Amino acid sequence: MIKKTLISALALVACIIGIQAQTQVIAHRGFWKTEGSAQNSIAALEKAAEERLYGSEFDVQVTLDGKLIVNHDAKFQGFVIAETPFKELKKIKLKNGEKLPTLKKYLKAGKKQDIQLILEIKSHKSKEVEDKMAADIVKMVKKMGLQKQVEYIAFSLNICEQLAKLTPESEIAYLNGNLSPAELKKKGINGIDYNQKVLEKHPEWVEEAHRLGMKVNVWTVNKEDMMRKFIDMKVDYITTDYPLETQKLL
Ligand code: MG
């Protein structure tokens, strides 16, 4: 009897640990490979939420006059975003007919949804501009009461360091793949979000990050065998263009 109880208690513990270690899915640039959607559109964010994914990722850039907008490419439909004032960019339409979203509009739409907003701040050639982007974004997120719903990612180490100072309680993950979890932890950065090739080369970083209480995200995993591989490695999040296919494996 005691033995049986012990076994079921152990099974329960294993089950709880198992649930905690379950990989979750983040839609890369939103869920855009579906009817009526487009990369980094508000529709893509809403469609990701409809699929009950963990998170929806999107990219933030700044215009010449300091307006924060959501878009992936530095050059979009013939405009260099960082060198163009917003009044010229606001005419741009996305592939699904939506207007190029401002960050404010995007966050407003996200606030209505039950999904984590994975906000990538794009690098800028000027440190001053990057610092201001980080400060303005954190201020907007706090003002809108979204501190718990927004998680930050960036390739720029400077941006991650600024975020660690401005909002140390937030989830902040570094994308660039060239630093170990321990090195980032020292800088107050609490997550890694690395290319799949980096984690294939450094599988030990998954455990190292977890030991340090850091989260592990991997991008952009679009092939089923790789999805399976990272689920087995117990990464926290898989960022993918195929969220439904990833979801099915979990
Ligand atoms: Mg991105």
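Residues numbered from 1 in each chain as written. Predicted model: local features only at pLDDT ≥ 70, side-chain atom pairs only at ≥ 80, totals over all residues. Heavy atoms only, no water.

1. Re the coordination of the magnesium ion
Ligation of the magnesium ion by protein atoms is provided by Glu57 (OE), Asp59 (OD) and Glu120 (OE), these donors lying 2.0 to 2.1 Å from the ion. Positions of the donor residues of the magnesium ion along the chain correspond to the pattern E-x1-D-x60-E. With Glu57 in strand β2 (residues 55-62) and Glu120 in strand β6 (residues 116-121), this pair connects stretches of sequence that are 63 residues apart. By relative accessible area, Glu57 is classed as buried at 3%. (Donors = N, O, S within 2.8 Å, 3.2 Å for Na, K, Ca; no water. Helix = DSSP H or I, 4+ residues; strand = E, 2+ residues; numbered from the N terminus. Buried < 20%, exposed > 50% of the residue type's maximum accessible area, 1.4 Å probe, protein only.)

2. Section: empty space enclosed by the protein
Counted under the stated rule, the structure contains one cavity of 30 Å³ or more. Considered as a void within the structure, the largest cavity measures approximately 120 Å³ in volume. Contributions of two or more residues to the lining of the largest cavity are made by β7 (150-154), β8 (172-174), β9 (191-195) and β10 (215-219). A breakdown of the residues in the lining of the largest cavity according to their chemical character gives nine nonpolar, three polar and four charged. (1 Å grid on protein atoms, 1.4 Å probe; cavity = no way out; pocket = protein on both sides within 12 Å on 5 of 7 lines; lining within 4 Å. Points joined across faces, edges and corners; volume = space filled by probe spheres on them. Nonpolar A, V, L, I, M, F, W, Y, C, P; charged D, E, K, R; others polar.)

3. Some words on the environment of Ile159
Its place among the elements puts Ile159 in helix α6 (residues 157-166). What makes Ile159 buried here is its relative accessible area of 0%. If near-sequence neighbours (up to four positions away) are discounted, Ile159 is found in contact with Ile121, Lys122, Ser123, Glu130 and Ala154. (Contact = heavy atoms within 4.5 Å.)

4. Focus: the layout of surface pockets
Computed from the structure, the largest pocket encloses a volume of approximately 260 Å³. What lines the largest pocket is a set of 14 residues, and nearest its centre among them are Ala38, Gln39, Asn71, Phe76 and Lys95. Split into classes, the residues belonging to the lining of the largest pocket amount to four nonpolar, six polar and four charged. Reported here for the second largest pocket is a volume of approximately 190 Å³. Among the secondary structure elements, those contributing two or more residues to the lining of the second largest pocket are α4 (103-111) and α5 (127-143). In terms of residues, the lining of the second largest pocket owes the most to one element, α5, which gives four residues.

5. Looking at the confidence of the model for the protein
When pLDDT is low, close inspection of the predicted coordinates is not appropriate. Confidence in the prediction of the protein, expressed as mean pLDDT, is 94, and 92% of residues score 70 or more. Within the model, pLDDT remains below 50 along residues 15-20, and this stretch shows zero contacts once partners closer than five positions in the same chain are excluded. (pLDDT = per-residue confidence, 0-100.)

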